[in-house]
Amino acid sequence: MGIILEARSLNKKVELGNSRQLHILKDINLEIEQGEFVSVMGPSGSGKSTLLYNISGMDKMTSGSVKFKGREMASLKEEELAQIRLNNMGFIFQDINLLKNLSLIDNVMFPALVSQGAGADKKAVYQKAQKLLEMTGIQKLADHHITQASGGQLQRVAICRALINEPDILFGDEPTGALDSKSAAEIMSIVAEINQKGTTVMLVTHDAKVAAKSERILFMVDGNLVAQKKMSKYDAQRDDIKKREENIMKWLVEKGF
Ligand SMILES: Nc1ncnc2c1ncn2[C@@H]1O[C@H](COP(=O)(O)OP(=O)(O)OP(=O)(O)O)[C@@H](O)[C@H]1O
Ligand SMILES: [Mg+2]
């Protein structure tokens, strides 16, 4: 194992006009191990999404250092960053961003076809996409239009799409936030399974049930990383998920959440 992602004195400030400035991320120091499953919790407005955007190169930090697989993100050209996001990182968000005029399977295949360019092996990509749809239980909907799928099904498509290029790390910002509790639990089982297979996962969540499947929780308040809770890796056979959830709730209350 090694460190896949490392932030040192990461700061994010935005100019608000009239020389007013908002300091959103304050000297964040953070290391994520290869294969780890980390959740980020904290009150609304504490900077969780901003943290995710800044350590994944989706947004430009104001100062500090972020290294992904040993490479300093700030030193990369926009094109190199785009390549890393496409090939090494997967993203799932609450607002699912699928291409409206493509079928489910075409949406899943899309990042792989973009990545492989003109010489893309379409058949191999198709088979891989089918496998992912199977894993997430929506293979029957492969050729359906995305307007014909439910929220939970679309979130599965988003996961498949995030995984098609076999990313080293999967980022999620409230990926189950818009789902009913049954769909959310199913999505989280899929995410836990992906992590068991070796993909590093980092999720922002308000939900202790979601965080209960991770092995470390970062707690943010007002732009600061104020506490961390380390747990064992979740094992569906061995662990009582309710107990883990209760422990997290207790910890959050202790931290003043
Ligand atoms: N581009 C921006 N310009 C101005 N303010 C911003 C910008 N991006 C974020 N903020 C502010 O920074 C703070 C942190 O926002 P962020 O979205 O990271 O919070 P969050 O913890 O993800 O909240 P939530 O749980 O509600 O999603 C908020 O006060 C937000 O209004
Ligand atoms: Mg947010």
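Reading guide: rules and limits
Residues numbered from 1 in each chain as written. Chains lettered and ligands numbered in written order. Predicted model: local features only at pLDDT ≥ 70, side-chain atom pairs only at ≥ 80, totals over all residues. Heavy atoms only, no water. Helix = DSSP H or I, 4+ residues; strand = E, 2+ residues; numbered from the N terminus. Rg over C-alpha atoms; globule rule 2.2 N^0.38 Å. Buried < 20%, exposed > 50% of the residue type's maximum accessible area, 1.4 Å probe, protein only. Pairing = 2+ DSSP bridges. Core = buried A, V, L, I, M, F, W, Y, C linked by side-chain atoms within 4.5 Å. Contact = heavy atoms within 4.5 Å. Axes fitted to C-alpha atoms, helices over the stretch in contact; angles between N-to-C directions. Parallel < 35°, antiparallel > 145°, perpendicular 65-115°, else oblique. Left-handed = near helix turned anticlockwise from the far one by under 90°. Nonpolar A, V, L, I, M, F, W, Y, C, P; charged D, E, K, R; others polar. Near = heavy atom within 4 Å. Polar contact = N/O pair within 3.5 Å; in protein donor to acceptor, adjacent residues only side chain to side chain. Areas by Shrake-Rupley, 256 points an atom, 1.4 Å probe, with all protein chains shown as cover. Salt bridge = Lys/Arg side-chain N within 4 Å of Asp/Glu carboxyl O.

1. Some thoughts on the overall build of the protein chain
Part 1 of the argument: On a plain count of helices and strands, the protein chain comes out with 8 helices and 10 strands.
Part 2 of the argument: Whereas a compact globule of 257 residues would reach a radius of gyration of roughly 18 Å, the protein chain reaches 18 Å, a difference of no more than 12%.
Part 3 of the argument: Overall size of the protein chain, expressed as C-alpha extent along the three principal axes, is 50 × 45 × 40 Å.
Part 4 of the argument: For the protein chain, the residues scored as buried account for 48% of the 257 residues in total.

2. Quick word on the pairing of strand E3 (residues 37-41)
Part 1 of the argument: The buried count for E3 comes to 5 of 5 residues, which makes it a mostly enclosed element.
Part 2 of the argument: Of the two faces of E3, the one carrying Phe 37, Ser 39 and Met 41 and the one carrying Val 38 and Val 40 are both buried.
Part 3 of the argument: By the bridge criterion, 4 bridges tie E3 to strand E8 (residues 200-204) in an arrangement that is parallel. Along E8, the bridge assignment pairs Phe 37 with Val 201.

3. Focus: the nonpolar core
Part 1 of the argument: Core analysis: the biggest nonpolar cluster contains 36 residues, and Leu 104, Val 108, Leu 133, Ile 159, Leu 170, Val 191 and Leu 203 have the highest contact counts within it.
Part 2 of the argument: Taken together, the elements giving at least two residues each to this core come down to helix H3 (104-116), helix H4 (122-135), helix H5 (151-163), helix H6 (181-196) and E8.
Part 3 of the argument: For Leu 170, the contacting residues outside a window of four places in its chain are Gly 90, Phe 91, Ile 92, Ala 162, Leu 163, Ile 194, Thr 199, Thr 200, Val 201 and Met 202.
Part 4 of the argument: Counting 28 residues, the second-largest nonpolar core is a separate cluster that includes Ile 4, Ala 7, Ile 28 and Met 73.

4. Some thoughts on the side chain of Arg 216
Part 1 of the argument: Its place among the elements puts Arg 216 in strand E9 (residues 216-221).
Part 2 of the argument: Those residues in contact with Arg 216 that sit more than four places away from it in its chain are Glu 31, Ile 32, Glu 36, Phe 37, Val 38, Ser 39, Gln 228, Lys 229, Lys 230 and Met 231.

5. Structural notes on the packing of H3 against H5
Part 1 of the argument: Two elements in contact, H3 and H5, have axes separated by 8 Å at closest approach and are oriented at 25°. If you check the angle between H3 and H5, you find them roughly parallel. The two elements H3 and H5 cross, and the hand of that crossing is right-handed. Along the contact surface, H3 presents Leu 104, Asn 107, Val 108 and Pro 111, while H5 presents Leu 154, Val 157, Cys 160 and Arg 161.
Part 2 of the argument: Here the contact of H3 with H5 is composed, by residue class, of 6 nonpolar, 1 polar and 1 charged.

6. Some points on the site of ligand 1
Part 1 of the argument: In the vicinity of ligand 1 there are 13 residues, among which Ser 44, Gly 45, Lys 48, Ser 49 and Thr 50 approach most closely.
Part 2 of the argument: Measuring from an oxygen atom of ligand 1, one finds a backbone N or O atom of Gly 47 at 3.0 Å.
Part 3 of the argument: Within the side chain of Ser 49, an N or O atom sits 2.8 Å from an oxygen atom of ligand 1.
Part 4 of the argument: When the free accessible area of ligand 1 is taken as 640 Å², the share hidden by the protein chains comes to 57%.
Part 5 of the argument: Those elements that place two or more of their residues in the shell around ligand 1 are strand E1 (3-17), strand E2 (20-33) and helix H1 (48-55).
Part 6 of the argument: Looking at which element gives the most residues to the shell around ligand 1, the answer is H1, with 3 residues.
Part 7 of the argument: Looking at the shell around ligand 1 residue by residue, the class counts come to 5 nonpolar, 7 polar and 1 charged.

7. With respect to the pattern of salt bridges
Part 1 of the argument: Taken as a whole and judged by the stated rule, the model has 18 salt bridges.
Part 2 of the argument: Across the pair Glu 36 and Arg 216 runs a salt bridge whose closest N-O atoms are separated by 2.7 Å. With Glu 36 in the loop between E2 and E3 and Arg 216 in strand E9, this pair connects stretches of sequence that are 180 residues apart. Of the two residues examined, Glu 36 and Arg 216, each falls in the buried class.
Part 3 of the argument: The shortest N-O distance in the salt bridge between Arg 85 and Glu 78 comes to 3.2 Å.
Part 4 of the argument: Using a relative accessible area of 46% as the deciding quantity, one classes Glu 78 as partly exposed.
Part 5 of the argument: Shared partners join several salt bridges into a network, and the residues in it are Glu 36, Glu 215, Arg 216, Lys 230 and Lys 233.

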